[in-house]
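# A look at the structure
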Amino acid sequence: MSLIEDNLHNVRATLPEGVRLLAVSKFHPAEMIREAYDAGQRLFGENRPQELKEKYALLPKDIEWHMIGHLQTNKIKYIAPFVTMIESLDSERLAAAIDKEAAKCGRVIDCLLEIHVAQEQTKSGWDYAELEEFVRGGGFAAYPNIRIRGVMGMATFTDDETVVRGDFMRLAECKRALAPYFGEAFDTLSMGMSEDYPIAVECGATEVRIGSTIFGPRVY
Ligand SMILES: *Cc1c(COP(=O)(O)O)cnc(C)c1O
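A brief report on the enclosed structure follows.

Each value, and the rule that gives it
Residues numbered from 1 in each chain as written. Predicted model: local features only at pLDDT ≥ 70, side-chain atom pairs only at ≥ 80, totals over all residues. Heavy atoms only, no water. Buried < 20%, exposed > 50% of the residue type's maximum accessible area, 1.4 Å probe, protein only. Helix = DSSP H or I, 4+ residues; strand = E, 2+ residues; numbered from the N terminus. Arc of directions from axis to C-beta. Contact = heavy atoms within 4.5 Å. Near = heavy atom within 4 Å. Polar contact = N/O pair within 3.5 Å; in protein donor to acceptor, adjacent residues only side chain to side chain. Areas by Shrake-Rupley, 256 points an atom, 1.4 Å probe, with all protein chains shown as cover. Nonpolar A, V, L, I, M, F, W, Y, C, P; charged D, E, K, R; others polar. Core = buried A, V, L, I, M, F, W, Y, C linked by side-chain atoms within 4.5 Å. Right-handed = clockwise from strand over helix to strand, strands pointing away. Pairing = 2+ DSSP bridges. Salt bridge = Lys/Arg side-chain N within 4 Å of Asp/Glu carboxyl O. Axes fitted to C-alpha atoms, helices over the stretch in contact; angles between N-to-C directions. Parallel < 35°, antiparallel > 145°, perpendicular 65-115°, else oblique. Left-handed = near helix turned anticlockwise from the far one by under 90°.

Our next topic: helix α2 (residues 30-38). The complete set of buried residues in α2 reads Ala 30, Ile 33, Ala 36 and Tyr 37. Mapping the buried residues of α2 onto a view down its axis gives an arc of 115°, with all of them on the same face. Residues of α2 that are exposed and angled more than 90 degrees away from the buried face: Glu 31 and Asp 38. Elements that come into contact with the buried residues of α2 comprise α1 (3-14), β2 (43-46), α3 (49-58), β3 (64-67) and α9 (212-215).

Okay, the site of the ligand next. Lining the immediate environment of the ligand, one finds Val 24, Lys 26, Ile 68, Met 154, Met 193, Ser 194, Arg 209, Ile 210, Gly 211, Ser 212 and Arg 218. At 2.7 Å, a side-chain N or O of Lys 26 approaches an oxygen atom of the ligand. Here the ligand, which alone exposes 380 Å², has 91% of that area covered by the protein. Grouping the constituent residues of the shell around the ligand by class yields five nonpolar, three polar and three charged.

Here we take up the nonpolar core. Counting 67 residues, the largest nonpolar core has Leu 89, Leu 113, Phe 140 and Leu 178 as its most contacted members. Per element, the largest residue contribution to this core is six residues, and it comes from helix α7 (residues 161-178). Sequence-distant contacts of Leu 89, that is, excluding residues within four places in its chain, are made with Leu 94, Ala 95, Ile 98, Cys 111, Leu 112, Leu 113, Glu 114, Trp 126, Phe 140, Ile 146 and Ile 148. Counting seven residues, the second largest nonpolar core, distinct from the first, contains Val 24, Leu 43, Met 85 and Leu 112.

For strand β6 (residues 146-152), a buried count of six out of seven residues is recorded, marking the element as mostly surrounded by other parts of the structure. The handedness of the strand β5 (residues 109-114) to β6 crossover, carried by helix α6 (residues 128-136), is right-handed. Sheet topology note: the β6/strand β7 (residues 188-190) ladder contains three bridges and is parallel. Residue pairing for β7: Val 151 is matched across the bridge by Leu 189. You can see the chain leave β6, run along α7 and come back into β7, and the turn it takes is right-handed.

Time to look at the pattern of salt bridges. Summed over the entire model, instances satisfying the criterion amount to 14 salt bridges. Among the ionic pairs, Glu 46 bridges to Lys 55, the shortest N-O distance being 2.8 Å. Of the residues examined, Lys 55 reaches a relative accessible area of 6% and is grouped as buried. Glu 202 is paired through a salt bridge with Arg 165; the nearest N and O atoms lie 2.8 Å apart. With Glu 202 in helix α8 (residues 197-202) and Arg 165 in helix α7, this residue pair connects regions lying 37 residues apart in the sequence. Here the salt bridges do not stand alone but share partners, grouping Glu 46, Arg 48, Glu 51 and Lys 55 into one network.

Attention now goes to the packing of α6 against α7. Interhelical geometry of α6 versus α7 gives an angle of 10° and a closest axis separation of 11 Å. Looking at the two axes, α6 sits roughly parallel to α7. At the point where α6 passes α7, the crossing takes the right-handed sense. The segment α6 lies against α7, with Tyr 128, Leu 131, Glu 132 and Val 135 engaging Arg 170, Cys 174, Ala 177 and Leu 178.

With a phi angle near 70°, Phe 27 is a residue other than glycine that sits in the positive phi range. Take Phe 27: it is sitting in the loop between β1 (20-24) and α2. In this structure Phe 27 comes out as partly exposed when scored by relative accessible area, which is 25%.

Let us now look at the environment of Asp 160. For Asp 160, the position within the fold is in the loop between β6 and α7. Measuring from C-alpha to C-alpha, the distance between Asp 160 and Met 191 comes to 17 Å, with 31 residues separating the pair along the chain.

In structure tokens, the structure reads:
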């Protein structure tokens, strides 16, 4: 068994049924993604549009690609034709831009609302109060080429489990509170990374995003 295959098995063994595993392959070469693919993994996450586009071209077409990084509006065009989901929808401006690019491709693109719950100001995402106001006002009705599938977020970077759990509980609460505004497709709660995903799962994550535990440390 290859190391990546081994790591994948180990991670999968810790996930309850119904929790999807997004293998975060950013900064790792296509050959390593291929190894994970050969071990049965089909769901991958990347955070840079050009890198994602290059890997899409090199790899099997039944891979589901999720964009998880901050997205600049002028780069949506690289991924709009094929991306399965954009998890980092964090502003109205970005919603409008994704909608426009999706329309050009004749697609409806699934998106998650990235919500800021961590203590660091550097992390991106909607301020929940602003998001709620926008949603309540029917703001997304103007964008028929995006479909809102749920919520994504990151916990504070700390060893203090109480803080991390609090962040995940808040994300779960945001998802519950927003659900009535969306249809049945609003089913995804994406939270938890290598260091904190067991807590995220306890708090109700339906998808975890795991990079280094599968692929090893990233070289930037
Ligand atoms: C890089 C990244 C991950 C994966 O992080 P690991 O610590 O390597 O598991 C998950 N989510 C987002 C948004 C990321 O940028």
